[in-house]
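One letter stands for each residue in the lines below.
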Amino acid sequence: MQQRKLGRYSVSAIGLGCMSISHAYGTPLARADAERLLNQALECGYSLLDTAVIYGYGANESLIGEALNGRRDEFVLASKCGIFRADDGSRVIDNRPERLKRACEDSLKRLKTDVIDLYYLHRWDKVVPIEESVGALSELVQEGKIKAIGLSEVSVPTLVRAHAVHPISAVQSEYSLFTRNPEIAMLAACRQLDITFVAFSPLARGLLSGQLRDPAKLKPGDLRRNMPRFQGANFVANMQLIDGLKEIADDAGCTMAQVALAWLLAKGDDIIPIPGTTSRAHLRENAEAGDIVLPAGALPRLDALINEKTVRGARYSAAIQSEIDTEEFGASCGAL
């Protein structure tokens, strides 16, 4: 697979988002299958693995630590802190410095490593000044417990404030044909500051793969059940876009998932998609997208078909959206 720059590292052009193995989409993958999937990822050429404290409430980090024990030097390890499970079982955002430092210590133990290569603030607390939270992460860099700092789902003004405290190596947000928010301001800001952009959910949580045709079949506990894009008339309208995507993919001689990933890679060599999967077949399919060059005319066709004006439904429910700090279409946005 082709390589791309991620801070101080050179990593595979497509990384592996590990959330779906343990979290968010219903029943977690069986342990033996999960271990095989992670090991096959390295064999397929993935060299960036992305996890978080909240994925399975530590289970995903533990899985990576155990499944890849002895192969730590074969991949760049990214994890995230800032979202936790409270004593009552609820999900809570907590960016207090002491909480972030304690989380890092716990993550290091679960991951069975002495250092995390890239450590993200998963969500900005908004109650705690970003300078204090990034300051705590910078102390972890000085202590040798993490090597680089990232931010997830933040706006340009928040990024600028954070970057003034300590260099930010990566910004991670949702970006795909279906979610164009980073194009408002964040991509330009990252390029000006020489920060890599890491795109999560680059296949729109399964929509762009063409595999999901009936949201009623989603498993209990699948977070997509509460996402407006997957509900009622919104889903029906979005499926019409997927039908058009199939035509473009067929013309390009690749799968829908591959054409969607190739589109994202073509948006800039400073962008790294991290699709997740529980299927070893899809794992290889996604990896092969890293070497696909789309035919002339494919990119404008894709942009015209699927964009912020043609997609129906918000990406999050109102409650979750209130936690997000990213720029939104139709709202004022910050700039450098």
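Here the structure is a predicted model, which means the values were calculated and not measured. (Residues numbered from 1 in each chain as written. Predicted model: local features only at pLDDT ≥ 70, side-chain atom pairs only at ≥ 80, totals over all residues. Heavy atoms only, no water.)

Peer 1: So, helix H4 (residues 97-111): which residues are in play, and what are the values?
Peer 2: Compared with an ideal rise of 1.5 Å per residue, which puts 15 residues at 21 Å, H4 spans 21 Å between its outermost C-alpha atoms and is within 8% of the ideal. Among the residues of H4, those classed as buried are Arg 99, Leu 100, Ala 103, Cys 104, Ser 107, Leu 108 and Leu 111. Phi for Lys 112, located one or two positions after H4, is positive at around 55°. (Helix = DSSP H or I, 4+ residues; strand = E, 2+ residues; numbered from the N terminus. Expected span 1.5 Å × (residues − 1). Buried < 20%, exposed > 50% of the residue type's maximum accessible area, 1.4 Å probe, protein only.)

Peer 1: I'd like to hear about the pattern of salt bridges, residue by residue, with values.
Peer 2: Within the structure shown, the criterion is met by 27 salt bridges. Across the pair Asp 194 and Lys 5 runs a salt bridge whose closest N-O atoms are separated by 3.8 Å. Of this pair, Asp 194 sits in the loop between helix H7 (186-193) and strand E11 (196-200) while Lys 5 sits in strand E1 (residues 3-6), placing them 189 residues apart in sequence. For Lys 5, a relative accessible area of 43% puts it in the partly exposed group. Arg 180 is paired through a salt bridge with Asp 303; the nearest N and O atoms lie 2.9 Å apart. Here Arg 180, found in the loop between strand E10 (168-174) and H7, pairs with Asp 303, found in helix H11 (residues 298-305); they are 123 residues apart in sequence, far enough to count as distant. Owing to a relative accessible area of 4%, Arg 180 belongs among the buried residues under this scheme. Via salt bridges that share partners, Glu 153, Glu 174, Arg 205 and Arg 315 belong to a single interconnected network. (Salt bridge = Lys/Arg side-chain N within 4 Å of Asp/Glu carboxyl O.)

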